[in-house]
Amino acid sequence: MTNTTNPKNRPFGKMLTAMVTPMLEDGEIDYEGAGRLAAYLVDEQNNDGLVISGTTGESPTTSDDEKDNLLRAVLEAVGDRATIVAGVGTNDTRHSIRLAKAAEKAGAHGLLAVTPYYNKPPQEGLIRHFTTIADSTGLPVMLYDIPHRTGTPIASETLVRLAEHPRIVANKDAKDNVGASSWVMERTDLAYYCGTDILNLPLLSVGAAGFVSVVGHIVGSDLREMIDVFEAGEVSQALAIHRRLTPVYTGMFRTQGVITTKAVLNLFGLPSGPVRTPLADASAELQALLREDLAAAGVKGPIGLAPHQAVPASAVHVERLAEGSV
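Bear in mind the structure is a predicted one, so any value in this text is a computation, not a measurement. (Residues numbered from 1 in each chain as written. Predicted model: local features only at pLDDT ≥ 70, side-chain atom pairs only at ≥ 80, totals over all residues. Heavy atoms only, no water.)

Peer 1: Sorry if this is basic, but what is going on with the overall build of the protein here?
Peer 2: Along its length, the protein carries twelve helices and ten strands. Put simply, the protein has 326 residues, and 56% of those count as buried. Long-range pairs, those at least 24 residues apart, make up 70% of the contacts in the protein between residues at least 6 apart in sequence. (Helix = DSSP H or I, 4+ residues; strand = E, 2+ residues; numbered from the N terminus. Buried < 20%, exposed > 50% of the residue type's maximum accessible area, 1.4 Å probe, protein only. Contact = heavy atoms within 4.5 Å.)

Peer 1: Can you walk me through a negative patch on the surface in this structure?
Peer 2: A surface patch of like charges, here negative, comprises Glu25, Asp26, Glu28 and Asp281. Relative to the elements of secondary structure, Glu28 occurs in the loop between strand E1 (15-18) and helix H1 (31-43). Judged by its relative accessible area of 43%, Glu28 is partly exposed. (Patch = residues over 30% accessible without salt bridge, like charges linked within 9 Å, V, L, I, M, F, W, Y side chains within 5 Å. Areas by Shrake-Rupley, 256 points an atom, 1.4 Å probe, with all protein chains shown as cover. Salt bridge = Lys/Arg side-chain N within 4 Å of Asp/Glu carboxyl O. Lys, Arg positive; Asp, Glu negative; His and termini not counted. Charge placed at Lys NZ, Arg CZ, Asp CG, Glu CD.)

Peer 1: Mind showing me how you'd approach the sheet that holds strand E5 (residues 141-145) here?
Peer 2: Strand-to-strand pairing in sheets goes through backbone hydrogen bonds, with the strands running parallel or antiparallel. Taken in spatial order, the eight strands line up as E1-E2-E3-E4-E5-E6-E7-E8 and close into a barrel, and their pairing is parallel. Neighbour to neighbour, the strand axes of the sheet diverge by 25° on average, direction disregarded. Here strand E6 (residues 168-173) runs beside strand E7 (residues 191-194); their pairing, made up of four bridges, is parallel. Residue pairing for E7: Asp173 is matched across the bridge by Cys194. (Pairing = 2+ DSSP bridges. Axes fitted to C-alpha atoms, helices over the stretch in contact; angles between N-to-C directions.)

Peer 1: Would you take a moment to explain helix H4 (residues 123-136) for this structure?
Peer 2: Residues spaced three or four apart along an α-helix face the same direction, because each turn holds 3.6 residues. If you check H4, its first and last C-alpha atoms are 20 Å apart, about what 14 residues at 1.5 Å a residue would give, namely 20 Å. All of the buried residues along H4 are Leu126, Ile127, His129, Phe130, Thr131, Ile133, Ala134 and Ser136. (Expected span 1.5 Å × (residues − 1).)

Peer 1: How should the nonpolar core be read in this particular structure?
Peer 2: Side chains of a nonpolar character, in soluble globular proteins, are inclined to be buried together. By size, the foremost hydrophobic cluster in this structure holds 80 residues, and its most contacted members are Met19, Leu50, Val74, Val78 and Ile84. Ranked by the residues each element gives to this core, the list is headed by H1, at seven residues. In contact with Ile84, other than residues within four places in its own chain, are Leu50, Ile52, Leu71, Val74, Leu75, Val78, Gly79, Ala108, His109 and Gly110. Formed by 16 residues, the second largest nonpolar core is a distinct cluster that contains Leu16, Val51, Tyr144 and Tyr193. (Core = buried A, V, L, I, M, F, W, Y, C linked by side-chain atoms within 4.5 Å.)

Peer 1: Just checking my understanding: could you explain the pairing of strand E2 (residues 49-52) for this structure?
Peer 2: The side chains of a regular strand alternate, first on one face of the sheet and then on the other. Side-chain alternation along E2 places Gly49 and Val51 on one buried face and Leu50 and Ile52 on a second face that is also buried. Bridge count for E1 against E2 is three bridges, and the pairing is parallel. Pairing of Ala18 across the sheet is with Val51, part of E2. As for the winding sense of the linkage, the β-α-β connection from E1 through H1 to E2 is right-handed. Where E2 and strand E3 (residues 83-87) come together, four bridges link them in parallel fashion. Paired with Gly49 across the two strands is Thr83, which belongs to E3. (Right-handed = clockwise from strand over helix to strand, strands pointing away.)

Peer 1: What is the right way to read the confidence of the model for the protein from this model?
Peer 2: As a general rule, the predicted coordinates of low-pLDDT regions are not to be interpreted in detail. Per-residue confidence for the protein gives a mean pLDDT of 91; residues scoring 70 or more make up 89%. With pLDDT under 50 throughout, residues 1-7 is counted as low confidence; its partners more than four residues away or in other chains account for 23 contacts. Across residues 302-326 the pLDDT falls below 50, and counting only partners more than four positions away or on other chains, this stretch makes 56 contacts in the model. (pLDDT = per-residue confidence, 0-100.)

Peer 1: I keep staring at the pattern of salt bridges and nothing clicks. Help me out?
Peer 2: Pairing is possible between side chains that carry opposite charge, provided their charged atoms lie close to one another. Under the definition given, this model contains 18 salt bridges. Across the pair Arg81 and Asp80 runs a salt bridge whose closest N-O atoms are separated by 3.2 Å. Note on Arg81: relative accessible area 39%, which makes it partly exposed. The shortest N-O distance in the salt bridge between Arg187 and Glu186 comes to 3.3 Å. By relative accessible area, Arg187 is classed as partly exposed at 39%. Several salt bridges converge on common partners, so that one network encompasses Arg10, Lys14, Asp48, Arg224, Asp228 and Glu231.

Peer 1: Just checking my understanding: could you explain the side chain of Asp197 for this structure?
Peer 2: Relative to the assigned elements, Asp197 resides in the loop between E7 and helix H8 (200-205). Buried charge without a partner: Asp197 forms no salt bridge, and the closest opposite charge is Lys172, 8.3 Å away. Beyond its immediate sequence surroundings of up to four residues, Asp197 is in contact with Ser213, Val214, Val215, Leu223, Tyr249 and Phe253.

Peer 1: Would you mind going over the packing of helix H2 (residues 64-78) against helix H3 (residues 93-106) with me for this structure?
Peer 2: To describe two helices that pack against each other, one gives the angle between their axes and the distance between the axes. One way to put it is that H2 packs onto H3 with a least axis distance of 10 Å and a crossing angle of 30°. The orientation of H2 relative to H3 falls into the category roughly parallel. As for the relative orientation of H2 and H3, their crossing is right-handed in sense. Contact residues: H2 offers Asp64, Lys67, Asp68, Leu71, Arg72 and Leu75, while H3 offers His95, Leu99, Ala102, Ala103, Lys105 and Ala106. (Parallel < 35°, antiparallel > 145°, perpendicular 65-115°, else oblique. Left-handed = near helix turned anticlockwise from the far one by under 90°.)

Printed below as a string of structure tokens:
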């Protein structure tokens, strides 16, 4: 079967952001802030859905109980108007099953399962891992193929085999190989979601269903517009959006994406807070560079807001220097 970009092949929507986990100054999770941030992303940044407790949500350093409480807080805030996908991927299949069952019980709409990291399983091990997770609940599963983090790619042939499972319905693709992705999309009904922001438009052009974005925290509406105009046949307009956002794409990945995203959200006065170690908060120098990156793309926060200042989220008015809104 051939993949398409029509809504019937979008089990999780078209525009999703992999949401950070807001923290309080003492390093504990800010559950109230998580609900406010989720509402901002859905209501102001036009996200169809959110991924909770992915890598950008600092899942390696949050406990199972924290993941459950965070998921419930987000579901309460926006679960009636957005698709909420719970990250359940670990390098221990049994642990992932426990997280998957807990997410289903909490009311998640789908699961994200990353390739097991560090232990470098063979492809047959990947098939057993992912299918066992998919068998453990009734929820649809999005695979997450990101070999530069996990050390193990999901081979194209393995993806074709996994696509035969009725609940493995999508792939968050951060392999950064558009040719390989296109090959799989030609042979399966897997809905492909771009997981590398700089490749959003290229992957869309070969059949991706949408994005699971990091920069969607601040330019989600732009990314949603890019999908919409591309599908309307306005390819030159989609390209113009892509090129305008290039400084954001590159700047937000000057270092680990959680660090830069939280820095920008803190700058905008949105719920964010510090990162947990072993990550380290953005330096003053990095914050200054991020301001330049955002300005180059026509994005800025409230006039005069210094990096250390915070304002209530309800008082934030994110402006655009160029035409359009953040």
